[in-house]
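Chain and residue survey
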Amino acid sequence: MLAYAYGKAEVEWKINNPKRPFPFLTATFRPGVEQNALFAQPTDKKDNDGDGKIDEPDEFVTNARAGQSPHNFNPSYAFDVGFQDDKGKTYWNDLTLFNDFAKLMLKTAGITWGGNFKKLQDRPHFELTGWENMPKK
Ligand SMILES: [Zn+2]
């Protein structure tokens, strides 16, 4: 379902926006160890974003520990996207790209977009609605 929704949205994007940067997958499955490392960023005494400062508020990127994120299951219940143009330049903060792609993704029922999260909006993130109650491996 998730893969289907992405494939469909990606094709529509390329047809409707031939000159704009196109979406690509940046994260699907994320092991528990990696999830805990992300969770710990604001308190791990490391400079996670490479700006020369240790443990600042902007290193906070997730409120999920291992097993609490839809990325921690295989196959994954979530994926994140970025955008790239045909020269290979990547776009991580262009709100219009994420918002427009989300409109295509949300045409498929059963998808939740991180841009609609009430806490910690996460525009690159899409997940299966109700993944919490789905069978896990
Ligand atoms: Zn995500």
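Residues numbered from 1 in each chain as written. Predicted model: local features only at pLDDT ≥ 70, side-chain atom pairs only at ≥ 80, totals over all residues. Heavy atoms only, no water.

Looking at an unreviewed UniProt entry, one finds the protein chain named Peptidoglycan L-alanyl-D-glutamate endopeptidase CwlK and attributed to Spirosoma endophyticum.

**Brief notes about the overall build of the protein chain**
Across its full length, the protein chain carries three helices and five strands. Scanning the protein chain from its N terminus toward the C terminus, one meets helices and strands in the order α-β-α-β-β-α-β-β. Against the compact-globule benchmark of 14 Å for 137 residues, the protein chain has a radius of gyration of 16 Å, which places it among compact chains. Seen through its C-alpha atoms, the protein chain measures out along the principal axes to roughly 45 × 40 × 25 Å. Of all 137 residues assigned to the protein chain, the portion counted as buried reaches 36%. Long-range contacts, defined as pairs at least 24 residues apart, comprise 58% of the intrachain contacts of the protein chain with a sequence gap of at least 6. When the accessible surface of the protein chain is split by element, carbon and sulfur atoms take 56% of a total near 8300 Å². Taking the average place of the 18 positive charges on the side chains of the protein chain and the average place of its 19 negative ones, the gap between the two points comes to 6 Å. (Helix = DSSP H or I, 4+ residues; strand = E, 2+ residues; numbered from the N terminus. Rg over C-alpha atoms; globule rule 2.2 N^0.38 Å. Buried < 20%, exposed > 50% of the residue type's maximum accessible area, 1.4 Å probe, protein only. Contact = heavy atoms within 4.5 Å. Areas by Shrake-Rupley, 256 points an atom, 1.4 Å probe, with all protein chains shown as cover. Lys, Arg positive; Asp, Glu negative; His and termini not counted. Charge placed at Lys NZ, Arg CZ, Asp CG, Glu CD.)

**Regarding the packing of aromatic side chains**
Tallying each qualifying case throughout the model produces twelve aromatic pairs. Between Tyr6 and Phe79, the ring centres sit 5.2 Å apart and the planes meet at 75 degrees, which makes this aromatic pair edge-to-face. With a gap of 73 residues between them, Tyr6 in helix H1 (residues 2–16) and Phe79 in strand E2 (residues 78–84) connect regions that are remote in the sequence. Judged on exposure class, the residue Tyr6 and its partner Phe79 are both buried. Chaining the aromatic ring pairs together yields one cluster made of Tyr6, Trp13, Phe79, Phe83, Phe98, Phe101, Trp113 and Phe126. Directly above the aromatic system of Phe22 lies the positively charged group of Lys14, at a separation of 5.2 Å from the ring centroid. (Phe/Tyr/Trp six-rings, centres within 6.5 Å; stacked < 30°, edge-to-face > 60°. Lys NZ or Arg CZ within 6 Å of the ring centre and 35° of its normal.)

**Some points on the coordination of the zinc ion**
For the zinc ion, the protein coordination sphere consists of His71 (NE2), Asp80 (OD) and His125 (ND1), at 1.9 to 2.1 Å. All donors of the zinc ion belong to a single chain; written as a sequence motif, their spacing is H-x8-D-x44-H. Of the two residues, His71 is situated in the loop between helix H2 (32–40) and E2 and His125 in strand E5 (residues 125–128); the sequence distance between them amounts to 54 residues. Neither residue differs from the other here; His71 and His125 are each classed as buried. (Donors = N, O, S within 2.8 Å, 3.2 Å for Na, K, Ca; no water.)

**A look at the UniProt feature "domain: Peptidase M15C" (unreviewed entry) in the protein chain**
Mapped onto this numbering, the UniProt entry gives "domain: Peptidase M15C" (unreviewed entry) at residues 64–128. Summarising residues 64–128: 17% helix, 25% strand, and an end-to-end C-alpha distance of 16 Å. (UniProt positions renumbered as here; feature names shortened; annotations may be inferred.)

**Regarding the nonpolar core**
Within the largest apolar cluster, 22 residues are counted, with the highest numbers of intra-cluster contacts made by Phe79, Val81, Phe83, Phe101, Met105, Ile111 and Phe126. Of all the elements in the fold, those that place two or more residues in this core are H1, E2, helix H3 (95–105), strand E4 (111–113) and E5. For this core, the leading source of residues is H3, giving six residues. Each residue touching Phe83, except ones within four places of it in the same chain, is listed here: Trp13, Pro21, Phe22, Pro23, Phe24, Lys89, Thr90, Tyr91, Leu97, Phe98 and Phe101. (Core = buried A, V, L, I, M, F, W, Y, C linked by side-chain atoms within 4.5 Å.)

**With respect to the pattern of salt bridges**
Applying the stated criterion to the full structure yields four salt bridges. The salt bridge involving Glu12 is made with Lys107; its shortest N-O contact spans 2.7 Å. Here Glu12, found in helix H1, pairs with Lys107, found in the loop between H3 and E4; they are 95 residues apart in sequence, far enough to count as distant. What makes Lys107 exposed here is its relative accessible area of 52%. One continuous salt-bridge network, built from bridges that share partners, spans Arg20, Asp100 and Lys103. (Salt bridge = Lys/Arg side-chain N within 4 Å of Asp/Glu carboxyl O.)

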